[in-house]
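Here's the letter readout for the chains.
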Amino acid sequence: MAPTATSNGSHLLSHIQDVALAYPLQLVAVFILFRLLWNKFQPQLVSIPGPPLAAYTKLWRLYDVWKGQAHLTAVALHRKYGPLVRIGPNHVSVADPSYIPVFYNIKENYTKSGFYPIQCVSWKKQPEMNLFSTRDPNYHRVEKRKVGAAYSLPNLLESEEAIDSCIKLFMDRLDEVAGKGQPVDLGAWLQYFAFDVVGEVTFASKLGFLEQGQDVDGMMKAIEGMLTYAALCGQVPEWHKYLLGNPAFTWVMPAMETWNQVLVFTLKAINGRASIKRDGELISADTGGRDMLSRWASVKSSDPLKMSTRDIIVHLSTNVFAGSDTTAIALRAVVYYLCKNPHYMAKVVEEIDSADKQGQLSTPISYKESTTLLPYFNAVLKEAMRIHPSVGLLMERHVPPEGVEIQGHFIPGGTIVGINPWVTNRDKSVFPDPDEFRPQRWLEVSPDRLKQMDNILELNFGGGSRKCIGRNISMIEMQKVLPQLFREYTVELTHLDKEWHIVNHWFVQQEGVVCNLRRRRKN
Ligand code: HEM
């Protein structure tokens, strides 16, 4: 009798089982090999150039990020391979700035990748997405509508006096430490300043960084740990559920629950101004101030459906996480590049002194004075942010289902694409001699070219509807504190010949901005 299809099938199955039992390791090896080849030879991505290993496995990127210099790798790869580089089985890095408004648009059809949601806090044992971490465009729209107004320039300028109080304290503290005649870790002090400014605009209180002259409650260290985790696990986000995303992991190693250190710190700052009941409900808060806690508590008390306690806590904690490192990086870049180029420092000081002599500057310098009277300083600020953007990895987005044509290549829906500002800010066709720090490039171009340069530089803050909501906070504080610093102090690197140390774990942190400070004028 001829064998039936069913008996053939069961024979084959039992044969495979036999082989699997006899050669388990070989079978796994075949499976891995098949997977690697499948990754590499995806028909629509195979023709995109890139480092040979990267197309086979995500581990290439994980290793690159782990080394902490992925921003330099990205620049080098695009110089070698051109505007499109395949940096992972499903990842394409794009250098062409004309795709900035395509990927980062206001429709949000290029949604954020799995890199982002692993960067959220948990509240009442639930992961809670904030504006930065959510991938859901609808949730993002709803949440942004609740809080967006508090970050507008006019509303923030109502807190200018609060920022002035931070500048005053910053200068007083520098007087104390510089008065000892010792070198000052100005890089650290700039971060203390940035933290206290976030405290003022968020909670109407300084967070104690300048006062104590140190990392309060280990917050800077905790954020550094979070960023390192995000940078590494973000390359393989599917591992998150086995790592910090797994509740069992943080029971075994509570010290690893770093995300929640930010939440605890936020609750402490809120409790200085408001009361939170045992069940976590915000019951009373001073609602008269211009800071975000007051503004949002006031909305909540008039209409609890518009703003919940959860909303307030989640959005306030995002400020603590996202607001200080990013700004401190830009502040350090200005100080470092000016110290390394004393002739540019002299021009900045000359501009400030000349405005000062004409009685045009308040103490501290106001935002309006800085933005209208100090064009050379503003060119320096832009140039420092161009040459050293605060974020240094790809800002990843999923291509929508219909796919996209880039530089003659069709990239299918679902592929992860993105642009790294380190790459576009060094585009030779827009910024000649891109590796050189040359502030005057912002002053000697036509209005059209300047607009193009400004648009590219803005990618430092992301783009479209997911653009940095805290941009204005940073710009106000940077435009005020830096000219005030150079007005009051002669700033020089203690070791002029030494390079700073840079590590890119999502944010491109620097160490080694240690300076000698000499007072130029009395307080
Ligand atoms: C120089 C300073 C800063 C830089 C360079 C910077 C950079 C960025 C970038 C690049 C993004 C978009 C990330 C992406 O799409 O992948 C972003 C988003 C964000 N930033 Fe900033 N940031 C800065 C300061 C701040 C400050 C001071 C705050 C708050 C106090 C803040 C809060 C946020 C939030 C909440 C988002 C998410 C916005 C959304 O998706 O709607 N940032 N930032």
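It should be emphasised that the depicted structure is a prediction, and the values quoted were computed from it without experimental measurement.

## Here we look at the overall build of the protein
A count of helices and strands for the protein gives 22 helices and 15 strands. Structurally, the protein occupies a C-alpha span of about 110 × 60 × 45 Å along its principal axes. When each of the 523 residues of the protein is scored for burial, the buried share is 54%. Of the side-chain charges in the protein, 57 are positive and 53 negative, and the distance between the mean point of each set is 3 Å.

## Looking at empty space enclosed by the protein
Taken as a whole and assessed by the stated rule, the structure comprises four cavities of 30 Å³ or more. Computed from the structure, the largest cavity encloses a volume of approximately 770 Å³. The wall of the largest cavity is formed by 42 residues, among which Phe132, Ala322, Cys468, Ile469 and Gly470 lie closest to the centre. Elements with a minimum of two residues in the lining of the largest cavity: α6 (137–147), α9 (186–203), α15 (309–322), α16 (325–340), β8 (395–398) and α22 (471–488). When grouped by side-chain class, the residues that make up the lining of the largest cavity number 20 nonpolar, 15 polar and seven charged. Its volume calculated, the second largest cavity comes out at about 200 Å³. In terms of lining residues, the second largest cavity is bounded by 18 residues, among which Asp64, Ala70, Ala74, Ile87 and Leu394 are the most central. Secondary-structure elements contributing two or more residues to the lining of the second largest cavity are α3 (59–66) and α4 (70–81). It is α4 that provides the largest number of residues to the lining of the second largest cavity, a total of five residues.

## Comments concerning the layout of surface pockets
Each pocket or cavity is described by its volume, and for the second largest pocket that value is around 510 Å³. Gln191, Glu224, Gln509, Gln510 and Glu511 are the residues nearest the centre of the second largest pocket, which is lined by 22 residues in total. Counting residues per element, the ones that place at least two in the lining of the second largest pocket are α9, α11 (219–233), α16, β13 (501–505) and β14 (507–511). Tallied by class, the residues present in the lining of the second largest pocket amount to seven nonpolar, eight polar and seven charged.

## What to know about unusual backbone geometry
With an omega of -10°, the peptide bond running from Thr363 to Pro364 counts as cis. Position of Pro364 among the secondary structure elements: in the loop between α17 (342–357) and α18 (367–373). Its identity is not glycine, yet Asp217 carries a phi of approximately 55°, on the positive side. Tracing the backbone through its elements, the reader meets Asp217 in the loop between α10 (209–212) and α11. Positioned with a positive phi, Trp506 is a non-glycine residue whose angle comes to about 80°. One can find Trp506 in the loop between β13 and β14. Assessed through its relative accessible area of 2%, Trp506 is described here as buried.

## Quick word on the packing of aromatic side chains
Any pair of aromatic rings gets described here by the distance separating the centres and the angle formed by the planes. Per the counting criterion, the structure on display carries 23 aromatic pairs. Pairing Tyr116 with Phe132 gives two aromatic rings, centres 5.5 Å apart and planes at 70°, and the pair type is edge-to-face. With Tyr116 in the loop between α5 (100–103) and β3 (121–123) and Phe132 in the loop between β4 (126–128) and α6, this residue pair connects regions lying 16 residues apart in the sequence. Assessed through its relative accessible area of 2%, Tyr116 is described here as buried. Residues Tyr337 and Phe437 carry aromatic rings whose centres are separated by 5.0 Å and whose planes lie at 20° to one another, so their mutual orientation is stacked. One end of the pair, Tyr337, is in helix α16; the other, Phe437, is in the loop between α20 (421–424) and α21 (447–457), with 100 residues separating them in the sequence. Since its relative accessible area comes to 17%, Tyr337 is described here as buried. Here Phe437 falls in the buried class, since its relative accessible area comes to 7%.

## A look at the side chain of Asp325
Summarising the element assignment, Asp325 is placed in helix α16. Arg332 provides the closest opposite charge to the buried, unpaired Asp325, separated from it by 6.0 Å. Sequence-distant contacts of Asp325, defined by excluding residues within four places in its chain, comprise Gln191, Ile223, Leu227, Phe507 and Gln509.

## A few points about the packing of α16 against α22
Geometrically, a packed helix pair is captured by the angle between its two axes and the distance between the axes. It is at 10 Å that the axes of α16 and α22 come closest, and there the two elements cross at 30°. Classed by the angle they form, the pair α16 and α22 counts as roughly parallel. As for how α16 packs across α22, the hand of that crossing is right-handed. Contact with α16, carried on its side by Thr327, Ala330, Leu331, Val334, Val335 and Leu338, involves Ser474, Glu477, Met478, Val481, Leu482, Leu485 and Phe486 of α22 and no other residues of that element. Here the residues of the contact of α16 with α22 are counted per class, giving ten nonpolar, two polar and one charged.

## So, the site of the ligand
Around the ligand sit 27 residues in total, of which Tyr116, His140, Arg397, Arg466 and Cys468 are the nearest. Residue assignment for the shell around the ligand shows that the elements contributing at least two residues are α15, α16, β8 and α22. The element best represented in the shell around the ligand is α15, accounting for three residues. Residues belonging to the shell around the ligand are distributed by class as follows: eleven nonpolar, twelve polar and four charged.

Thresholds applied
- Residues numbered from 1 in each chain as written.
- Predicted model: local features only at pLDDT ≥ 70, side-chain atom pairs only at ≥ 80, totals over all residues.
- Heavy atoms only, no water.
- Helix = DSSP H or I, 4+ residues; strand = E, 2+ residues; numbered from the N terminus.
- Buried < 20%, exposed > 50% of the residue type's maximum accessible area, 1.4 Å probe, protein only.
- Lys, Arg positive; Asp, Glu negative; His and termini not counted.
- Charge placed at Lys NZ, Arg CZ, Asp CG, Glu CD.
- 1 Å grid on protein atoms, 1.4 Å probe; cavity = no way out; pocket = protein on both sides within 12 Å on 5 of 7 lines; lining within 4 Å.
- Points joined across faces, edges and corners; volume = space filled by probe spheres on them.
- Nonpolar A, V, L, I, M, F, W, Y, C, P; charged D, E, K, R; others polar.
- Phe/Tyr/Trp six-rings, centres within 6.5 Å; stacked < 30°, edge-to-face > 60°.
- Salt bridge = Lys/Arg side-chain N within 4 Å of Asp/Glu carboxyl O.
- Contact = heavy atoms within 4.5 Å.
- Axes fitted to C-alpha atoms, helices over the stretch in contact; angles between N-to-C directions.
- Parallel < 35°, antiparallel > 145°, perpendicular 65-115°, else oblique.
- Left-handed = near helix turned anticlockwise from the far one by under 90°.
- Near = heavy atom within 4 Å.

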